[in-house]
Amino acid sequence: MRFFSVNKDTGVVWLRQQLDRETKSEMQVEFFVSDTHEVVKDTVNIQIGDVNDNAPTFHGQPYSVHIPEVRN
């Protein structure tokens, strides 16, 4: 598996590397599960969420703002 790893004893799945929604928003992953009697195969659709991983940029720096203090 390129993006995921599976613990063969517990079945826990984890990411091997970060995913980027700008690159790919959905993946299909095939899982194979077996015991001593049979093998079961299934495909899982994974939706990749987006986080704000790009720092904000300000044009016309330096940028300053005055926010007055409000007293109750």
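Residues numbered from 1 in each chain as written. Predicted model: local features only at pLDDT ≥ 70, side-chain atom pairs only at ≥ 80, totals over all residues. Heavy atoms only, no water.

**Brief notes about the pairing of strand β3 (residues 26-34)**
Here β3 pairs with strand β4 (residues 39-47) via 9 bridges, running antiparallel. Note on β4: the bridge partner recorded for Phe-31 is Asp-42. The hairpin formed by β3 and β4 contains 4 residues between the paired strands. (Pairing = 2+ DSSP bridges. Helix = DSSP H or I, 4+ residues; strand = E, 2+ residues; numbered from the N terminus.)

**Points about the UniProt feature "domain: Cadherin" (unreviewed entry) in the chain**
UniProt annotation of "domain: Cadherin" (unreviewed entry) refers to residues 4-58 when read in the numbering used here. As a span, residues 4-58 carries 0% helix and 44% strand, and end to end its C-alpha atoms are 37 Å apart. (UniProt positions renumbered as here; feature names shortened; annotations may be inferred.)

**Some remarks on the pattern of salt bridges**
Any two side chains of opposite charge can pair if their charged atoms end up close together. Under the criterion given, the structure shown has 2 salt bridges. One salt bridge connects Glu-30 with Lys-41, and the closest N-O pair in it is separated by 3.5 Å. Placement of Glu-30 in strand β3 and of Lys-41 in strand β4 is noted, with a sequence separation of 11 residues between them. Between Glu-69 and Arg-71 there is a salt bridge, and its shortest N-O distance comes to 3.7 Å. (Salt bridge = Lys/Arg side-chain N within 4 Å of Asp/Glu carboxyl O.)

**Quick word on the side chain of Ser-5**
Inspection of the secondary structure assignment puts Ser-5 in strand β1 (residues 4-6). Of the polar contacts made by the side chain of Ser-5, one reaches the side chain of Arg-16; its length is 3.3 Å. (Polar contact = N/O pair within 3.5 Å; in protein donor to acceptor, adjacent residues only side chain to side chain.)

**Side note on the environment of Asn-72**
Structurally, the position occupied by Asn-72 is in the segment after β4. As a C-alpha pair, Asn-72 and Arg-2 span 70 residues in sequence and 57 Å in three-dimensional space.

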